[in-house]
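Geometric and topological summary
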Amino acid sequence: MVKKVFIGIGHGGSDPGAVANGLKESNLALDIGVRLNKLLKAAGVFTLISRTADVDDDLSDKIGRCNVFNPDLAIDIHINSGGGIGWEAFVYSGGGTSKLLAQNIEQEVKKFTLSRGLKTRLNDSGADYFGFIRQVQAPSVILEAAFIDNAKDVERIKTGEGRQKFADAYAAGILKTLGVKTVQAEGGGAVCCKASYKTLEEVPEYGRAIVKKLIDKGLLKGYADSSLGLNLSEEL
């Protein structure tokens with residue numbers, strides 16, 4: 001059975017997130033997410049990434065798309081701020097697969113940077129504070145790669161090579177949680193999906209029902225010429 005992962009990218013467009021040292025959280029998170037998406041696709045995982053450009057991405061819409069996609073796991077990628085140092089993750093207060101996923105990712109991250117650990121945050125009602133953890137129906141985590149306002153952390157994320165390390169760590173932790181090994185096609189090429197789909201009929205059968213739900217709920221509108229302009233692994 002094909003495993004599915006939703007990759008949420010924090011902020012975007014008019015909301016840059018944290019800004020410091022000439023960097024924007026929205027752009028750094030996007031780059032890590034795109035790199036991660038390629039790694040998971042190469043391993044044969046069916047992915048849905050919330051954005052692939054610096055555009056507005058409403059949290060409620062993102063959560064809605066995630067729940068329609070019905071993934072096995074969901075992550076939301078962010079960059080921290082506030083003067084601290086290191087990586088950290090927010091997990092579901094009830095533990096379970098959310099905690100296991102974060103633990104598996106943490107094991108990889110600790111190979112090259114400091115971990116501040118796994119954390120939970122509750123609201124005044126005692127429920128999980130973050131909507132992405134509280135409202136996403138799949139096991140979900142929020143990953144804070146580094147502090148954008150810390151000089152040492154900036155050195156870890158300001159280059160593509162540094163951001164690739166986070167993408168590699170996230171991919172390894174996700175695949176371990178899913179029990180998935182990298183799949184290679186004949187000739188050594190990685191198994192992947194078709195680049196894009198213009199109509200619902202072109203979408204593979206395993207993803208067609210998901211795409212139809214997105215269209216019916218108004219979460220996927222396509223382009224002005226009525227084509228979907230759809231890339232299941234890169235553009236939803």
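The structure contained in this document is the topic of the report that follows. (Residues numbered from 1 in each chain as written. Predicted model: local features only at pLDDT ≥ 70, side-chain atom pairs only at ≥ 80, totals over all residues. Heavy atoms only, no water.)

This part covers the overall build of the protein chain. A tally of regular secondary structure across the protein chain gives seven helices and eight strands. By the burial criterion, 47% of the 236 residues in the protein chain qualify as buried. Sequence-distant contacts, at least 24 apart, represent 76% of the contacts inside the protein chain between residues at least 6 apart. Accessible surface, the protein chain as shown: approximately 11100 Å² in total, 48% of it carbon and sulfur. (Helix = DSSP H or I, 4+ residues; strand = E, 2+ residues; numbered from the N terminus. Buried < 20%, exposed > 50% of the residue type's maximum accessible area, 1.4 Å probe, protein only. Contact = heavy atoms within 4.5 Å. Areas by Shrake-Rupley, 256 points an atom, 1.4 Å probe, with all protein chains shown as cover.)

The next thing to look at is the packing of helix α3 (residues 96–109) against helix α6 (residues 160–178). Packing of α3 against α6 brings their axes to within 8 Å, and their N-to-C directions diverge by 140°. The orientation of α3 relative to α6 falls into the category oblique. For α3 against α6, the interelement crossing comes out right-handed. Of α6, the residues touching α3 (which contributes T97, L100, L101, N104, I105, Q107, E108 and V109) are A169, Y170, A172, G173, I174, K176 and T177. Partitioned by chemical class, the residues of the contact of α3 with α6 number eight nonpolar, five polar and two charged. (Axes fitted to C-alpha atoms, helices over the stretch in contact; angles between N-to-C directions. Parallel < 35°, antiparallel > 145°, perpendicular 65-115°, else oblique. Left-handed = near helix turned anticlockwise from the far one by under 90°. Nonpolar A, V, L, I, M, F, W, Y, C, P; charged D, E, K, R; others polar.)

The next subject is a negative patch on the surface. Judged by side-chain charge, D15, D56, D58 and D61 come together as a negatively charged surface patch. Residue position: D15 is located in the loop between β1 (4–9) and β2 (19–20). Take D15: its relative accessible area is 36%, and that puts it in the partly exposed class. (Patch = residues over 30% accessible without salt bridge, like charges linked within 9 Å, V, L, I, M, F, W, Y side chains within 5 Å. Salt bridge = Lys/Arg side-chain N within 4 Å of Asp/Glu carboxyl O. Lys, Arg positive; Asp, Glu negative; His and termini not counted. Charge placed at Lys NZ, Arg CZ, Asp CG, Glu CD.)

Ordered by their spatial adjacency, six strands build an open sheet running β4-β1-β5-β8-β6-β7, and the pairing between neighbours is mixed. A single partner strand is all that each edge strand has here, and the edge strands are β4 (46–49) and β7 (115–119). Looking at each pair of strands side by side, their axes are set apart by 15° on average, direction ignored. Direction of pairing for strand β6 (residues 87–91) relative to β7: parallel, over a ladder of three bridges. Looking at β7, one finds that F90 is bridged to K119. Where α3 meets the sheet, it contacts β5 (73–80), β6, β7 and β8 (140–147), and its direction lies at approximately 170° from that of β6. (Pairing = 2+ DSSP bridges.)

Looking at where K62 falls in the secondary structure, it is placed in helix α2 (residues 59–69). Accessibility expressed as a relative area gives 3% for K62, which makes it buried. Along the sequence, K62 and S50 sit twelve residues apart, while their C-alpha atoms lie 6.4 Å from each other. If we skip the residues at most four places from it in the chain, K62 touches F6, G8, I9, G10, S50, D57 and D76. Polar side-chain contacts of K62 include one of 3.3 Å to the backbone oxygen of I9. (Polar contact = N/O pair within 3.5 Å; in protein donor to acceptor, adjacent residues only side chain to side chain.)

This paragraph deals with the packing of aromatic side chains. The relation between two aromatic rings is expressed through the spacing of the ring centres and the mutual angle of the planes. Counting across every chain of the model gives six aromatic pairs. An aromatic cluster is built from F90, Y129 and F130, whose rings are joined through pairwise contacts. Above the plane of the ring of F69 lies K4, whose end atom (NZ or CZ) is 5.1 Å from the centre. The residue whose ring lies beneath R121 is Y129, and the NZ or CZ to ring-centre distance is 3.7 Å. (Phe/Tyr/Trp six-rings, centres within 6.5 Å; stacked < 30°, edge-to-face > 60°. Lys NZ or Arg CZ within 6 Å of the ring centre and 35° of its normal.)

Within the largest apolar cluster, 42 residues are counted, with the highest numbers of intra-cluster contacts made by I7, L36, L40, I75, I77, Y170 and I174. For this core, the secondary structure elements donating two or more residues are β1, α1 (25–42), β5, β6, α3, β8, α5 (151–157) and α6. Among the elements that line this core, the one with the most residues is α6, at eight residues. In this view, I174 contacts V5, L36, L40, L73, I75, L101 and I105; residues no more than four positions away in its chain are not counted. (Core = buried A, V, L, I, M, F, W, Y, C linked by side-chain atoms within 4.5 Å.)

This part is about the packing of α1 against α6. Between two packed helices, the angle of one axis relative to the other and the distance separating the axes together describe the packing. Running from N to C, α1 and α6 point in directions that differ by 50°, and their axes come no closer than 8 Å. The angle between the axes of α1 and α6 places the two elements in the oblique class. Regarding α1 and α6, the two cross each other, and that crossing is right-handed. Where α1 abuts α6, its residues L28, D31, I32, R35, L36, L39 and L40 lie against G160, R163, Q164, F166, A167, D168, Y170, A171, I174 and L175. In terms of residue class, the contact of α1 with α6 is made up of eleven nonpolar, two polar and four charged.

By themselves, these observations are geometric and do not establish any function.
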